[in-house]
Structure formats: C-alpha cells, structure tokens
Amino acid sequence: MSILRISLAIPLAALLASCNPAADTAQEDAPAPQAASPFPTLTGELPAIIAHRGASGYLPEHTQAAYQLAFDQGADILEPDLMVSRDSVLIVRHDPYLSTSTDVADRPEFADRRRTLMGREDWWVMDFTAAELQSLNARQVFPDRSQERNDEFPILTFGDFLDMVEGMQARCDCQIPVEPEIKLPAEHTAMGLDPAPILIAELDARGLNTEDALVIIQSFDAPFLERLRPLTPLPLAMLHYGDEEGGNMNGYSLEQVAEFADAVGAYKGLLLNPDGSSTGYLERAHGLGLVVHTWTHRDDRPSLLANGDTDDELRALLALGVDGVFTDFPDTAVRIREEMLNAE
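Just so we're clear, the structure is a prediction, and the values are computed from it rather than from any experiment.

Trainee: Break down the overall build of the protein for me, with residues and values.
Mentor: Within the protein, the secondary structure is distributed over 11 helices and 14 strands. Considering the protein as a whole, with its 344 residues, one finds that 56% of them fall into the buried category. Partitioning the intrachain contacts of the protein with sequence separation of at least 6 by distance along the chain shows that 69% fall at a separation of at least 24. As displayed, the protein offers around 13300 Å² of accessible surface, 49% of which is attributable to carbon and sulfur atoms.

Trainee: I'd like a description of the side chain of Arg-145, backed by residues and values.
Mentor: For Arg-145, the position within the fold is in the loop between helix H3 (130-134) and helix H4 (158-172). Of note is the side chain of Arg-145, whose polar atom sits 2.7 Å from the side chain of Asp-300. Arg-145 has contacts with Ser-56, Gly-57, Gln-140, Arg-298, Asp-300, Asp-328 and Phe-329, leaving out every residue within four places of it along the chain.

Trainee: Before we move on, can you summarise the packing of H4 against helix H6 (residues 195-205) with the specific residues and values?
Mentor: With their axes 11 Å apart at the nearest point, H4 and H6 run at an angle of 30 degrees to one another. Of the possible angle classes, the one that applies to H4 and H6 is roughly parallel. Helix-helix and strand crossings are classified by hand; for H4 and H6 the assignment is right-handed. From H4, Phe-158, Gly-159 and Leu-162 reach across to H6, where they touch Leu-199, Glu-202 and Leu-203. Broken down by class, the residue content of the contact of H4 with H6 amounts to 4 nonpolar, 1 polar and 1 charged.

Trainee: Break down H6 for me, citing the residues and quoting the values.
Mentor: For an α-helix the count is 3.6 residues per turn, leaving residues at separations of three or four pointing the same way. Where H6 is concerned, the buried positions are Pro-195, Ala-196, Ile-198, Leu-199, Ile-200 and Leu-203. One side-chain oxygen of the residue at the start of H6 lies 3.0 Å from the amide nitrogen of Ala-196, identifying that residue as Asp-194. Looking one or two residues past H6, Gly-207 carries a phi angle of roughly 70 degrees, positive in sign.

Trainee: Before we move on, could you go through the pattern of salt bridges and cite the residues and values that matter?
Mentor: Counted by the stated rule, this structure contains 29 salt bridges. A salt bridge links Asp-144 to Arg-301, with the shortest nitrogen-to-oxygen separation between them at 3.0 Å. Separated by 157 residues along the polypeptide, Asp-144 in the loop between H3 and H4 and Arg-301 in the loop between strand E13 (291-297) and helix H10 (310-320) bring together distant segments of the chain. Here the salt bridges do not stand alone but share partners, grouping Asp-144, Arg-145, Arg-298, Asp-300, Arg-301 and Asp-328 into one network.

Trainee: Now, about helix H11 (residues 330-342): what can you tell me, with residues and values included?
Mentor: For H11, with 13 residues, the first-to-last C-alpha span of 18 Å sits near the 18 Å given by 1.5 Å per residue. Along H11, the residues that are buried comprise Pro-330, Thr-332, Ala-333, Val-334, Ile-336, Arg-337, Met-340 and Leu-341.

Trainee: Break down the confidence of the model for the protein for me, with residues and values.
Mentor: With 89% of its residues at a pLDDT of at least 70, the protein reaches an overall mean of 91. In this model, residues 1-35 is a region of pLDDT below 50 whose contacts with residues beyond four sequence positions or in other chains number 91 contacts.

Trainee: Give a detailed account of the side chain of Thr-129, specifying residues and quantitative values.
Mentor: Structurally, Thr-129 is set in the loop between strand E8 (120-122) and H3. Overall, Thr-129 belongs to the buried group, its relative accessible area being 16%. If near-sequence neighbours (up to four positions away) are discounted, Thr-129 is found in contact with Ser-85, Arg-86 and Asp-87.

Trainee: Before we move on, can you summarise the environment of Arg-337 with the specific residues and values?
Mentor: Inspection of the secondary structure puts Arg-337 in helix H11. Sequence separation between Arg-337 and Arg-315 is 22 residues, and the spatial gap between their C-alpha atoms is 7.8 Å.

Trainee: With reference to specific residues and values, describe the pairing of strand E12 (residues 263-267).
Mentor: Of all 5 residues in E12, 4 are buried, a share of seventy percent or more. In the sheet, strand E11 (residues 236-240) pairs with E12 via 4 bridges, with the strands oriented parallel. Looking across to E12, one finds that Met-238 is bridged to Val-264. Here 5 bridges tie E12 to E13, and the two strands are oriented parallel to one another. By the bridge assignment, Ala-266 is partnered in E13 with Thr-294. Crossover handedness for the path E12 to helix H9 (residues 281-287) to E13: right-handed.

Trainee: How would you sum up the packing of aromatic side chains? Please name residues and give values.
Mentor: Under the criterion given, the structure shown has 10 aromatic pairs. Note on Tyr-97 and Trp-124: the rings are 6.0 Å apart at their centroids and 85 degrees apart in plane angle, and the pair reads as edge-to-face. Here the residue Tyr-97 occupies a position in the loop between strand E6 (90-92) and strand E7 (115-117), and Trp-124 occupies one in the loop between E8 and H3, the gap between them amounting to 27 residues. Measuring from ring centre to ring centre gives 6.0 Å for Tyr-252 and Phe-260, while their planes differ by 85 degrees; the resulting arrangement is edge-to-face. In this structure Tyr-252 comes out as partly exposed when scored by relative accessible area, which is 22%. You can call Phe-260 buried: its relative accessible area is 7%.

Trainee: I'd love a proper account of the nonpolar core, names of residues and values included.
Mentor: Formed by 87 residues in total, the largest nonpolar core has its most connected members in Leu-78, Phe-161, Leu-199, Ile-217, Leu-228 and Leu-271. Per element, the largest residue contribution to this core is 7 residues, and it comes from H4. When residues no more than four places from it in sequence are discounted, the contact partners of Leu-78 are Ala-51, Tyr-67, Ala-70, Phe-161, Met-164, Val-165, Met-168, Ile-176, Pro-177, Val-178 and Glu-179. The next biggest cluster of nonpolar side chains, apart from the first, holds 6 residues, and it includes Ala-48, Ile-50, Trp-295 and Phe-326.

Each value, and the rule that gives it
Residues numbered from 1 in each chain as written. Predicted model: local features only at pLDDT ≥ 70, side-chain atom pairs only at ≥ 80, totals over all residues. Heavy atoms only, no water. Helix = DSSP H or I, 4+ residues; strand = E, 2+ residues; numbered from the N terminus. Buried < 20%, exposed > 50% of the residue type's maximum accessible area, 1.4 Å probe, protein only. Contact = heavy atoms within 4.5 Å. Areas by Shrake-Rupley, 256 points an atom, 1.4 Å probe, with all protein chains shown as cover. Polar contact = N/O pair within 3.5 Å; in protein donor to acceptor, adjacent residues only side chain to side chain. Axes fitted to C-alpha atoms, helices over the stretch in contact; angles between N-to-C directions. Parallel < 35°, antiparallel > 145°, perpendicular 65-115°, else oblique. Left-handed = near helix turned anticlockwise from the far one by under 90°. Nonpolar A, V, L, I, M, F, W, Y, C, P; charged D, E, K, R; others polar. Salt bridge = Lys/Arg side-chain N within 4 Å of Asp/Glu carboxyl O. Expected span 1.5 Å × (residues − 1). pLDDT = per-residue confidence, 0-100. Pairing = 2+ DSSP bridges. Right-handed = clockwise from strand over helix to strand, strands pointing away. Phe/Tyr/Trp six-rings, centres within 6.5 Å; stacked < 30°, edge-to-face > 60°. Core = buried A, V, L, I, M, F, W, Y, C linked by side-chain atoms within 4.5 Å.

Next up, the structure:
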C-alpha cells in the first residue's frame, strides 16, 4: 500500500498535502487515512514524517539538495531552522556559529569576523549580511557521515527556502507543509534582531500568515511563542527537551503551554522509557489537545531503548501515537510507517 501525504488536524490549521513522490497511486484510488491508520495519533490520522533539516543524514543539512532528497524519499513536512543575519534576514541554519556547517574558516576575506560569543570563539550568523552568508557553502556537521558533498551547496535564506518549496509544489502539483523553528529568539532580540516581526513580515508577504497556510512555527522559547500568538493564526509548537535550562519550556507546565500552543515538540526520551513503555507524557499532551511531534530519529545514533535498534525505537514511538517524527533519514521512517500500516 502506498502512503499519501497526510492531513494533520491541529487547532487553527489543517495541514493538507498530497502527491507523495515515492508513490504513483492516484489520490482518489487510495483509502482515507482515518480508515487505514493503525496509529493512535490525536486525530487518528497517519503520523507525519518530518524531514529534519532535510535528508540531513545523507547530505549537508539545510541545503536545497537535502530538502529535495527528503521530498523524493516521501517526507510529509520539511523543517528549516532559522537564525537572523546582521541585516535582519532569516537564515536557514541550526547553529549560530558557522565553522562546523560551512566553509567560512577557509574564506580569508572573513578571517577578521571570528570572535568570542556565547563562550565560543567562532564566526557567527548575526555578524554577516544575508548576501555574505549566501556566498558560503554548506558542510556536513557530523564527522562520521559522508563528507563527499561538502562545499557544493550555498547557504539559504528563508526566502530561498520558500522559493524552493514553491518550485517543488509547482513540479509535483501538490502542497508541502513546512515547520520552521526559530532559534535563539531572546538572544537575537537582545542584539536588536527580533525575529518575530521579520518572520511575520515574510509570511505576510507570501500569503502564508493565514489559517489555511501549511506552516507550523516552533521554538524552545515559550515567551517568544506567547508573543507570536496574537500575531498569527498559524499553529505554534512548543519544543521540550527536559529539565535543562533552554530546553525546559521556560519552566511552563504542559497545561500552561496548551493555553497558547497547538503542539509540543518533545524529545523522544520524554515519551518512552528504556523498556519501550510509555512515560505517560504523550497521553497527557493528547489529553490537553496538543499534537505531539517528537525528535530526532537517526539511523546512525544509539537507540534510546535498552533492547532494540533505532528501527525498533521508531516503531515504538509510532505505536505509542506520536503525531509526527523528526528524522534525518526520511526514507527509513517512511518505510517503517508503511510496514506498520501494511501489517494491519
């Protein structure tokens, strides 16, 4: 059975997409997701496969090639991380420093930009203009992954990313949801680079700041999402890592988060015990009406299960009822989801 792109019925937005490039079956010939799905998601629909920085397990992250590969592998949603440049442009990068993900260290014209910030000596996104950042080339950030495609792909702005998605949609005659994460909004704001108005202006200009736009906005910063709430009808996702500062939802409870957010992006270890049983977190979030997107599935990293590999880990998460999973390897997640669906 082929799996179509799915509809995620979350408050204030229905993320509807079609045309899985990995399948050639007409949509009208496929069964409705609700009727076919064995997954106990919040809505009963298929869990979404979210391309974490693109197919970043195979290609340098946040590049057009990585996103295209993810789409070709059947990912349902594309995720870009967003930083802010010196001239107030949203840049598709995960880290504020540039040495690990670009060729900046090999660019003599930028040698004098290196400085100490956030306890690290490096080159920083917010010290460069968008044009300068676009002149850099992307590199694989994990040293144990293939480095063969380093320096082939330029850094993208959020505008470049949205242009890319528009082109992909035109070619496939389908709609592709996106789930941008705003990185370090408090730190950017303290530097005079508040990402909130920049993001809203970009979305407004594209006609994407509407209830029916296929966009979810995520952040680890609860006050930032609270600021966004009156500015957008788009669904908001509160990211949650654990009790550590910077990943603890600013100390907010799930009940408090549910007052302004529509989803929670929970680290997988918050959902599963090492024996594969539920911690109760997902059930509590679903009880509050919160969609749960979990992160990050990686084929080449240890499983959180005491007994079982990363495939088993993903099966456990999907069987638990997560509504979406971020993965560096979309093809693996698509395969496992389809295997579970076919087993019914």
